[in-house]
Amino acid sequence: MDTRASFSILLLLFGISLANPVRKPENPEFVAIPGNVDITTKLLETNKESSERLIQGDLIFPKTKNALYCLNNNCFWKKNIKNLVEVPYIVSKNYTTAEISIIKNAMSAFHNKTCIRFVPRVNQTDYISIENKDGCYSYLGRIGGQQVLSLKKVGCLYHGIIQHELNHALGFYHEHTRSDRDKYVKINWQYIPTNVAHNFQKQNTNNQNTTYDYGSIMHYGNTAFSNVTGKYTITPIPNATVPIGQRQNMSNLDIVRIKKLYGCSISFNVKV
C-alpha cells in the first residue's frame, strides 16, 4: 500500500472517531437491575438466605411491636429549623467509594424533588445505619436510636432497590397492601403458600388522597411469592396487562406522597 493510500485511510478512521466518540455513561452511579427481573423477584432472591425475620419480604419485624404500624408522628423523621426533614445516616466501611456513590446517587432524587435530606450523622440519637448484611431490608419508619438498613453488596446495590428501602425507612408500606387495594388488584390466594400469605394482608394505610399507583417503586411484581412458576399472585384490575413491579426509579406519585406525608412546601434547592 502506498503512502497516499495509508494516509487516506488514517484520515478516514480519524473522521469516524470524531463522528462516533466513545461515550461514557451519563451517570455511572445509576445502576439498574439487569435483565427483565421485577423488583420483588430481585429482593426475594437476595433475601432468601437472610437470618432476619422479615415481613413482606424486606421489612424487619419490629422487636417491640407485634405488627407493622406507622401512621403517627412518632415514626416520622423530624424537620429542622429550615423546614427540611433530616434523616441522619452512617455507611459501613465495608463499601467501596464507588458503592457509596451509588447509594448517595439514589438518595439524591429525594433531595432534588422533596424536602427529605439524608445527612451524614454527627451525634444525632436517631439514625440509619446502612450495612452490608445478608439482604436488602429496612425497618418501617423511624424506630428510635440506630436502625439498620441492609444493602448487601451483591444483590442490593441497584438504584431502584436502594430507593425502595429508603422509602420503607421513611414510613412507606408496599403499594399492594394499601387499605383500598381490592379495587385495583386481585390477590390470587390459590398461588400463595399459607406460610407466606401474611405478606399480602392489607394494612391500615394513610393513602393521603392519592390514587393507587401501579408504577410505584413500592409495588410488588406479578409473581411475588408464587408457588407455581409463572402464575400471578397479583393481577391488576380491570386491565391485567398493566405493568407492576418496576425497578428503575421512584414514580411521580411516590414523590407526591413523600411531599404530602412530610409536609414539603419549600423550594428544593435549599441546602442543609
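Bear in mind that the values here come from a model prediction, so they are computed numbers and not experimental data. (Residues numbered from 1 in each chain as written. Predicted model: local features only at pLDDT ≥ 70, side-chain atom pairs only at ≥ 80, totals over all residues. Heavy atoms only, no water.)

Looking at the packing of aromatic side chains
In this description, an aromatic ring pair is defined by two values, namely the gap between the centres and the angle between the planes.
Here is step 1: One pass over the structure, following the stated rule, counts eight aromatic pairs.
Here is step 2: Look at Phe200 and Tyr220: their rings are 5.9 Å apart centre to centre, the planes differ by 85 degrees, and that puts the pair in the edge-to-face class. Of this pair, Phe200 sits in the loop between strand S8 (185-187) and strand S9 (234-236) while Tyr220 sits in the loop between S8 and S9, and the two are 20 residues apart along the sequence.
Here is step 3: Judged by relative accessible area, Phe200 falls into the buried class, the value being 0%.
Here is step 4: Overall, Tyr220 belongs to the buried group, its relative accessible area being 2%.
Here is step 5: Between the aromatic rings of Tyr212 and Tyr214, the centroid separation amounts to 5.2 Å while the plane-to-plane angle is 65 degrees, which identifies the pairing as edge-to-face. Of the two residues examined, Tyr212 and Tyr214, each falls in the buried class.
Here is step 6: Members of the aromatic cluster, joined through ring pairs, are Trp189, Phe200, Tyr220 and Phe225.
Here is step 7: Geometry around Tyr127 places Arg121 over its ring, the cationic atom sitting 4.0 Å from the centre. (Phe/Tyr/Trp six-rings, centres within 6.5 Å; stacked < 30°, edge-to-face > 60°. Helix = DSSP H or I, 4+ residues; strand = E, 2+ residues; numbered from the N terminus. Buried < 20%, exposed > 50% of the residue type's maximum accessible area, 1.4 Å probe, protein only. Lys NZ or Arg CZ within 6 Å of the ring centre and 35° of its normal.)

Digging into the packing of helix H2 (residues 39-47) against helix H4 (residues 159-170)
Here is step 1: The N-to-C vectors of H2 and H4 enclose an angle of 80 degrees; their axes lie 11 Å apart at closest approach. One way to sum up the angle between H2 and H4 is to call them roughly perpendicular. From H2, Ile39, Lys42 and Leu43 reach across to H4, where they touch Gly160, Ile161, His164 and Glu165. (Axes fitted to C-alpha atoms, helices over the stretch in contact; angles between N-to-C directions. Parallel < 35°, antiparallel > 145°, perpendicular 65-115°, else oblique. Contact = heavy atoms within 4.5 Å.)

Concerning the state of the cysteines
Should the sulfur atoms of two cysteines be covalently bonded, the bond is a disulfide.
Here is step 1: Under the counting rule described, the total for this entry stands at two disulfides.
Here is step 2: Note that Cys115 is cross-linked by a disulfide to Cys264, the S-S spacing being 2.1 Å. Here the disulfide of Cys115 and Cys264 is left-handed, its torsion about the S-S bond being about -70 degrees. Pair noted here: Cys115 is in the loop between helix H3 (97-113) and strand S4 (116-120) and Cys264 is in the segment after helix H5 (252-261), with a separation of 149 residues, a long-range link. The same class applies to Cys115 as to Cys264, namely buried.
Here is step 3: With a sulfur-sulfur separation of 2.0 Å, Cys136 is cross-linked through a disulfide to Cys156. An S-S torsion of about -90 degrees defines the bridge between Cys136 and Cys156 as left-handed. Placement of the pair is Cys136 in strand S6 (residues 136-138) and Cys156 in the loop between strand S7 (146-151) and H4, with a sequence separation of 20 residues. In this structure, Cys136 and Cys156 share a single accessibility class: buried. (Disulfide = S-S within 2.5 Å.)

Let's talk about the pattern of salt bridges
Here is step 1: Applying the stated rule across the entire model yields nine salt bridges.
Here is step 2: For Arg178, the salt bridge is made with Glu175, and the minimal N-O distance between the two is 3.6 Å.
Here is step 3: Across the pair Asp182 and Arg181 runs a salt bridge, and its minimum N-O distance is 2.8 Å.
Here is step 4: Among the charged side chains, a network of salt bridges with common partners joins Glu175, Arg178, Asp180 and Arg257. (Salt bridge = Lys/Arg side-chain N within 4 Å of Asp/Glu carboxyl O.)

So, the confidence of the model for the chain
Here is step 1: For the chain, per-residue confidence averages 85 on the pLDDT scale, and 83% of positions sit at 70 or higher.
Here is step 2: The least confident element of the chain, judged by mean pLDDT, is helix H1 (residues 3-19) at 43; the most confident is strand S5 (residues 127-131) at 98.
Here is step 3: A low-confidence stretch, residues 5-25 stays under pLDDT 50, and its non-local contacts, those more than four residues away or across chains, total two contacts.
Here is step 4: In the model, residues 268-272 has pLDDT below 50 throughout and makes 17 contacts with residues more than four positions away in sequence or in other chains. (pLDDT = per-residue confidence, 0-100.)

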